Amino acid sequence: MKFLNDTLNILFPPKCVLCSKTGQWLCINHDTPLKPATSNHAQYKYLDNISAQFSYSDPKVQKCIKQMKFRFSADIADFLVQKTSPQEINKDLMLVPVPMHWTRRLERGFNQSEKIAQALVRENPELEIKYSLKKIKKTKRQSQLTKAERAKNNQNAFRWKGATIPEKVCLVDDVVASGATIDAAAAYLKSIGVKEVHAWVLARGGA
Ligand SMILES: [Zn+2]
């Protein structure tokens, strides 16, 4: 993967997401502090705690995340994660990337939540990742649905395919908006015996 990243960086070097200056994802002029996440109206029934880093309303955050989803590369995930405090994540929590249905993963080539979790481990090697949570139902995009449809959309969407079930989990995702998907994942994890479910997301959007 390192080779692939290096090759990509030669072919498509990082460019500032705002002004396209080559060198870094935010050039020296635009590398100003990212707007921290503010609270929204998301209500969680099953999730014990969520730590959101940045606000999706900050154009720099939005453009970096879009670039990350579009490009098969981990370096934007690292770039963003390095601006957070991964040391604060409790090492008793098992990192679990929020899964994508395999058909979506195939379309995109990767799951950005996994890239973020891997970037967290690079910054905090005491953490561990388990890839056992799978999305077994191809759900519709939450933003196109009503609240009632959202709940139904996520029903029976997840499955744990691992030999052991961790006691405490930290779900990792790129953006959270209504919080319905992450809460559905938390509900499922609790139904199979996980005691605590936390979440760490890069950005929070409007609910
Ligand atoms: Zn710039």
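Draft legend 1. Structural detail: the overall build of the protein. When you go through the protein residue by residue, the secondary structure sums to 7 helices and 7 strands. When its helices and strands are written in sequence order, the protein yields α-β-α-α-β-α-α-β-β-α-β-β-α-β. The C-alpha radius of gyration computed for the protein amounts to 17 Å, which stays within 12% of the reference 17 Å derived for 207 residues, consistent with globular compactness. When burial is assessed residue by residue, the protein has 34% of its 207 residues classed as buried. Long-range pairs, those at least 24 residues apart, make up 72% of the contacts in the protein with a sequence separation of at least 6.

Draft legend 2. Structural context of the nonpolar core. Counting residues in each nonpolar core, the largest one holds 49 residues, and the members touching the most others are Leu-120, Cys-170, Leu-171, Val-172, Ala-185 and Ala-203. Broken down by secondary-structure element, the contributors of at least two residues to this core are strand E1 (49-55), helix H2 (59-70), helix H3 (75-81), strand E2 (94-97), helix H5 (112-123), strand E6 (168-176), helix H7 (180-191) and strand E7 (196-204). Here this core takes 7 residues from H7, the largest share from any one element. The contact partners of Leu-171, leaving out residues within four places of it in the chain, are Val-96, Val-98, Ile-182, Ala-185, Ala-186, Val-197 and Ala-199.

Draft legend 3. Broad picture of H2. For H2, with 12 residues, the first-to-last C-alpha span of 16 Å sits near the 16 Å given by 1.5 Å per residue. Among all positions in H2, only Lys-60, Val-61, Cys-64, Ile-65 and Met-68 are buried. Within H2, the buried residues cover an arc of 125° as seen down the axis, which keeps them to one side. Exposed and oriented more than 90 degrees from the buried face of H2 are Pro-59 and Phe-70. On its buried face, H2 sits against E1, H3, H5, E6 and E7.

Draft legend 4. Summary view of the sheet that holds E6. Taken together, the 5 strands give an open sheet; going across it, the order is E1-E7-E6-E2-E3, and neighbouring strands pair in parallel fashion. Where the open sheet ends on each side, the last strands, each with one partner, are E1 and strand E3 (128-129). Sheet topology places E6 next to E7; 8 bridges connect them, and they run parallel. Bridge pairing in E7 places Val-176 opposite Arg-204.

Draft legend 5. Seen up close, unusual backbone geometry. One non-glycine residue, Ser-20, adopts positive backbone phi at about 70°. Checked against the element boundaries, Ser-20 lands in the loop between helix H1 (2-11) and E1. With a phi angle near 55°, Asn-156 is a residue other than glycine that sits in the positive phi range. Counting through the fold element by element, Asn-156 comes out in the loop between helix H6 (147-153) and strand E5 (158-160). The exposure class assigned to Asn-156 is exposed, which follows from the 10 C-beta atoms found within 10 Å.

Draft legend 6. Representation of the pairing of E7 within the structure. Counted residue by residue, E7 has 7 buried out of 9 residues, so it is predominantly covered. As a crossover connection, the stretch from E6 through H7 into E7 is right-handed.

Draft legend 7. Main features of the environment of Leu-202. Along the polypeptide, Leu-202 turns up in strand E7. Separated by 186 residues in sequence, Leu-202 and Cys-16 place their C-alpha atoms 19 Å apart. When sequence neighbours within four positions are dropped, the list of residues in contact with Leu-202 reads Gln-53, Phe-54, Ile-65, Leu-80, Ile-116, Asp-174 and Val-175.

Draft legend 8. Structural context of the pairing of E6. With 7 of its 9 residues buried, E6 lies for the most part within the structure. Sheet analysis places E2 next to E6, joined by 4 bridges and oriented parallel. Looking across to E6, one finds that Met-94 is bridged to Val-169.

Cut-offs used in this document
Residues numbered from 1 in each chain as written. Predicted model: local features only at pLDDT ≥ 70, side-chain atom pairs only at ≥ 80, totals over all residues. Helix = DSSP H or I, 4+ residues; strand = E, 2+ residues; numbered from the N terminus. Rg over C-alpha atoms; globule rule 2.2 N^0.38 Å. Buried ≥ 20, exposed ≤ 12 C-beta atoms within 10 Å, placed from the backbone. Contact = placed C-beta atoms within 7 Å. Core = buried A, V, L, I, M, F, W, Y, C linked by C-beta atoms within 7 Å. Expected span 1.5 Å × (residues − 1). Arc of directions from axis to C-beta. Pairing = 2+ DSSP bridges. Right-handed = clockwise from strand over helix to strand, strands pointing away.

This is a description of form; function is not addressed.
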